[in-house]
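Summary of the model geometry
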Amino acid sequence: MMEFAALTYGLLASVILSAAQRNRKLARPHPPLLLYLGYLLCGVSAGIVLVLAYVALTLFAGG
């Protein structure tokens with residue numbers, strides 16, 4: 001299950017970042033769906049960082 005989540009996250013990140021880079025290169029505005037998915041990816045990344053930091057601190061302090 002973890003492999004599927006990592007693969008999906010990586011694929012989504014690469015598609016969003018490549019589309020944003022292409023739009024910036026062509027000086028076009030980003031579609032609203034691309035912006036929404038970009039902010040969603042940013043929020044998921046921040047959530048993952050917080051969860052992993054909490055787990056690391058708990059393991060460090062408790063064991």
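Residue indices begin from 1 for each chain and proceed along its sequence in written order. Local features in this predicted model are restricted to residues whose pLDDT is 70 or higher, and side-chain atom pairs enter the listing and the counts only when it is 80 or higher, whereas totals over whole chains, interfaces and linings include all residues. Side-chain metrics in this entry use all non-hydrogen atoms of the structure; hydrogen atoms and water are not considered.

1. Overview of the domain arrangement of the chain
Either an automatic procedure or a domain database provided the assignment from which the domain bounds are taken. Structurally, the chain comprises domain 1 (1-30) and domain 2 (31-62). We call two residues in contact when some of their heavy atoms are within 4.5 Å. Taken residue by residue, the interface counts nine residues in domain 1 and nine residues in domain 2. Among the residues domain 1 hides against domain 2, the three largest losses belong to Tyr9, Ile16 and His30. Together they make up 72% of the total. Note on definitions: salt bridges are taken to be side-chain nitrogens of Lys or Arg within 4 Å of carboxyl oxygens of Asp or Glu. There are zero salt bridges connecting domain 1 and domain 2. Pairs of N or O atoms are called polar contacts if they sit within 3.5 Å, as long as, within protein, a hydrogen donor faces a hydrogen acceptor (for residues adjacent in sequence, only side-chain-to-side-chain pairs). Applying the counting rule to domain 1 against domain 2 returns one residue pair in polar contact (both at pLDDT 80 or more). Put simply, buried area is the surface a 1.4 Å probe can reach on two separate parts but cannot reach once they are joined, added for both.

2. A closer look at helix 1 (residues 2-25)
Helix numbering and strand numbering both begin at the N terminus, where a helix is a DSSP run of H or I of at least 4 residues and a strand a DSSP run of E of at least 2. Expected span, for any helix, means 1.5 Å times one less than how many residues it has. The end-to-end C-alpha distance of helix 1 is 34 Å, a good match for the 34 Å that 24 residues give at a rise of 1.5 Å each. Buried residues of helix 1: Ala13, Ile16, Ala19 and Asn23, and no others. Looking at the packing, one finds that the buried side of helix 1 touches helix 2 (32-62). Of the residues trailing helix 1, Ala27 is marked for its positive phi of about 60°. Burial classes follow relative accessibility: with a 1.4 Å probe on protein chains only, a residue under 20% of its type's maximum area counts as buried, one over 50% as exposed, and anything between as partly exposed.

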